[in-house]
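Chain and residue survey
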Amino acid sequence: MLEDTGQRTGVAGLPERIRVEGGHRLKGTVLVGGAKNAALPCVAAALLSPEPVTLHNVPEIADIETMFAVLEFLGASAERVAANSITVKAPEITGFSPPTDLVVKNRANFLIMGALLGRFGKAACSPPGGDVIGQRPVDVHLAGFSALGATIGREGEKFTAQTDRLTGTRIFLDYPSWLGTENLMMAACLARGHTTLVNAACEPEVECLGNLLNAMGARVRGAGQPVIEIDGVEELHGTEFTVIPDRFEAGTFAIAAGLTGGDVLIQGAAPRHMDAVIAKLREIGVLVEETESGLHARGEQDLSAASLQAFPYPGMPTDMQPPFAALLTQASGVSYIHERVFENRMLYVAELRKLGAEIITTGGTTAIVTGATQLVGTQVRALDIRAGAAVVLAALAATGYTEVRDIYHLDRGYERFEEKLTSLGAVIEREIVVS
Ligand code: EPU
């Protein structure tokens, strides 16, 4: 398996770290950005049309920049036309096989397969990279392409897919893979005839992609539900579309409020996408209310231990599991966390332990947290996007200073993270690592 080889440096080309002074109560209003995991498939979907597609609410994060680079390699262009708005133009494509060193920076880059296969009948791509949280195969994607009539092969490290034209069919997904569902939706939009995807991923970001595809002239029904029906069309046209808010970013700020005894208005959050997170926050003792503009989270009472299991949507998102672990270090009693999506998403436990958390893992998919523990600042690493969020959150509740290294992971997924936390009263500084 290819390891994550994401960029290890900040904008200045040098490794960066953040220093967090713990113990400050967060208070104020924060604006949630567009969802990374909705924006990435939307950018890829723009390849399905020769006409321009303008997307609003696209976060300015490293993973989006990487996908722009992939698009440019293919002969398309992605241009920022305003803050958080981009226009993708792909009147024609000159490359069908992006370089491996780009693809491995971000798992969503594999979405070019479905888009190129759907529109041009050919694509090649290395196994994608992304966070090191488990095996993360792409068999669901490839089996689906094959069912649609593509010939799947291997050229060196790259998977290849080729067909004269895809033909719609009924496909059962072995696992409701999120990106797998999105790849197959994109491919099926321009296939001949009707496609049914059974056991599809139900994440709101999948629904968002379905809405974009329909705005481009596709005929997709049921995106966001386990069975998706797609009638193939001859071509897709350009459009203008707004990406949904980032439910993981919103959840992260709600946890930050809970951890610091804070009072935070999370503007732009979509509570409809956050049932599992809101229910668990309330069970733990964080006061969460829906407001007209988003969510209001307050950490005004003692926190209690709770158990949670990470599941595909609408279950507790695996992406929120590490941030919840940070919260549960401040909850009285013993909490159990079960990771049911990835087999290796508990590496962050060792980093929380450096801060003094009483947390152990058994078998790599269960963590037991005993709280409340007084955390103490020290040097830790952001091991992936959400593991990075977990250590920053824990640092907000720790005494003294915490130094978080490898923050390029945070930059991949969180837009202006420390700037937003600072606006709420956190004390965080970004520094270049000189040693
Ligand atoms: N799986 C297979 N075969 C496949 C694909 C997946 O067995 O062909 C298994 C995986 O090994 C894993 C499970 O299915 O055990 C879930 O994987 P899935 O394919 O659903 O994950 P993904 O599509 O690769 C997306 C998000 C992740 C998020 C997961 C799970 C994007 C870009 N990534 O990944 O987000 O954790 O779904 O919900 O949408 C993040 O944003 O930090 C992130 C890692």
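Residues numbered from 1 in each chain as written. Predicted model: local features only at pLDDT ≥ 70, side-chain atom pairs only at ≥ 80, totals over all residues. Heavy atoms only, no water.

What about the overall build of the protein chain?
Basically, it comes down to this: Helix and strand assignments come from DSSP, with helices taken as H or I runs of at least 4 residues and strands as E runs of at least 2, each series counted from the N terminus. To get the radius of gyration, use the C-alpha atoms; to get the globule rule, take the number of residues to the power 0.38 and multiply by 2.2 Å. Buried, partly exposed and exposed residues are distinguished by accessible area as a fraction of the type maximum, computed with a 1.4 Å probe on protein chains only: under 20%, between the cut-offs, and over 50%, respectively. Whether two residues are in contact is decided by their heavy atoms, any of which lying within 4.5 Å being enough. Note on areas: these come from Shrake-Rupley sampling with a 1.4 Å probe, and a residue is covered only by the protein chains present in the view.
Within the protein chain one finds 14 helices and 24 strands. Taking 22 Å as the expected radius of gyration for a compact globule of 435 residues, we find that the protein chain reaches 21 Å, a close match to that expectation. Overall size of the protein chain, expressed as C-alpha extent along the three principal axes, is 60 × 45 × 40 Å. In the protein chain, buried positions account for 61% of the 435 residues. For the protein chain, restricting intrachain contacts to residue pairs at least 6 apart in sequence, the fraction spanning at least 24 positions comes to 73%. For the protein chain, the exposed surface amounts to about 15800 Å²; the carbon and sulfur share of it is 49%.

Here's the deal with helix H8 (residues 247-259)
Let me state the cut-off plainly: Multiplying 1.5 Å by the residue count of a helix minus one yields the expected span of that helix. In the analysis that follows, any N or O atom pair within 3.5 Å is treated as a polar contact, provided that within protein one partner can donate a hydrogen and the other can accept it, and provided that, for residues neighboring in sequence, both atoms belong to side chains.
Along its 13 residues, H8 runs 18 Å from first to last C-alpha, staying within 8% of the 18 Å computed at 1.5 Å per residue. Its side-chain oxygen at 2.9 Å from the backbone nitrogen of Phe248, Asp246 defines the N-terminal cap of H8. Trailing H8 by a residue or two, Gly261 shows a phi angle of about 65 degrees, which is positive.

Some thoughts on the packing of helix H9 (residues 275-284) against helix H10 (residues 321-328)
Using the following cut-off: Each axis is a line fitted through C-alpha atoms, and for a helix only the stretch in contact is used; angles between axes span 0 to 180 degrees, taken between their N-to-C directions. By the definition adopted for this analysis, an angle is roughly parallel if under 35 degrees, roughly antiparallel if over 145, roughly perpendicular if from 65 to 115, and oblique otherwise. Gly is placed with the polar residues, together with every amino acid not listed as nonpolar (Ala, Val, Leu, Ile, Met, Phe, Trp, Tyr, Cys and Pro) or charged (Asp, Glu, Lys and Arg).
Following both chains from N to C, one finds H9 and H10 inclined at 10 degrees, their axes separated by 12 Å at the closest point. One way to sum up the angle between H9 and H10 is to call them roughly parallel. Of the residues in H10, those touching H9 at Val277, Lys280, Leu281 and Ile284 are Phe324, Leu327 and Leu328. Here the contact of H9 with H10 is built from residues that sort into 6 nonpolar, no polar and 1 charged.

A closer look at the domain arrangement of the protein chain
Operational definition: Domains are outlined according to an automatic or database domain assignment. Two parts placed together each lose some accessible area under a 1.4 Å probe, and the buried area is that loss summed for both.
Segmentation of the protein chain into domains returns domain 1 (11-33 + 245-432) and domain 2 (36-242). Taking the mean C-alpha position of each, domain 1 and domain 2 sit 30 Å from one another. Opposite the 26 residues of domain 1 that make contact, domain 2 presents 27 residues. Note on domain 1 versus domain 2: buried area summed over both sides is about 2000 Å², and carbon and sulfur give 47% of it.

What about the pattern of salt bridges?
In plain terms, the rule: Here, a salt bridge means any Lys or Arg side-chain nitrogen found within 4 Å of an Asp or Glu carboxyl oxygen.
Per the counting criterion, the structure on display carries 25 salt bridges. A salt bridge links Arg386 to Asp319, with the shortest nitrogen-to-oxygen separation between them at 3.3 Å. Residue Arg386 is found in helix H12 (residues 385-397), and its partner Asp319 is found in the loop between strand E18 (308-310) and H10; the two are separated by 67 residues along the sequence. Judged by relative accessible area, Arg386 falls into the buried class, the value being 2%. Taking relative accessible area as the criterion, Asp319 reaches 10% and is therefore assigned buried. One network of salt bridges, with partners in common, ties together Arg17, Arg19, Glu403, Arg405 and Glu431.

Re unusual backbone geometry
Residue Pro314 is reached from Tyr313 by a cis peptide bond, and omega for that bond is 10 degrees. Structurally, Pro314 can be placed in the loop between E18 and H10. Cis geometry marks the peptide bond from Gly371 to Ala372; its omega dihedral reads 0 degrees. Here Ala372 lies in the loop between strand E21 (366-371) and strand E22 (379-381).

Overview of the site of the ligand
Threshold: A single heavy atom is enough: if one lies within 4 Å of a molecule or strand, its residue is considered near that molecule or strand.
As a structural note, the neighbourhood of the ligand is formed by 23 residues, with Arg107, Val140, Ser177, Val341 and Arg386 the closest of them. Between Asp139 and the ligand, the recorded distance is 2.8 Å, taken from a side-chain N or O atom to a nitrogen atom. Ser177 is positioned with one of its side-chain polar atoms (N or O) 2.6 Å from an oxygen atom of the ligand. Notes on the ligand: free accessible area 820 Å², of which the protein chains cover 92%. At the level of secondary structure, the elements contributing two or more residues to the shell around the ligand comprise helix H1 (36-45), helix H5 (139-147), helix H6 (178-189) and H12. No other element matches the 3 residues that H5 contributes to the shell around the ligand.

Some words on the sheet that holds strand E8 (residues 158-162)
Rule in force here: Two strands are said to pair when DSSP picks up at least two bridges between them.
The 3 strands lie next to each other as E6-E8-E7, forming an open sheet whose pairing is antiparallel. Across the chains shown, the open sheet's two edge strands, defined by having one partner strand only, are strand E6 (122-125) and strand E7 (151-155). Within the sheet, the average angular offset between the axes of one strand and its neighbour, ignoring direction, is 20 degrees. Pairing of E7 with E8 involves 5 bridges; the strand directions are antiparallel. Paired with Arg154 across the two strands is Phe159, which belongs to E8. Each of E6 and E8 touches helix H4 (residues 112-120); the most contacted strand, E6, lies at about 160 degrees to it.

As for the pairing of strand E4 (residues 77-82)
In this structure, E4 lies alongside strand E5 (residues 85-89), joined through 5 bridges in antiparallel fashion. The residue bridging Arg80 from the neighbouring strand is Ile86, located in E5. With antiparallel pairing between neighbouring strands as the criterion, E4 and E5 make up a hairpin whose turn holds 2 residues, including Asn84 at a positive phi of roughly 65 degrees.

Description of the side chain of Arg345
Relative to the assigned elements, Arg345 resides in the loop between strand E19 (331-339) and helix H11 (348-354). Arg345 sits in the buried class, given a relative accessible area of 4%. Of the polar contacts made by the side chain of Arg345, one reaches the side chain of Asp319; its length is 3.3 Å.

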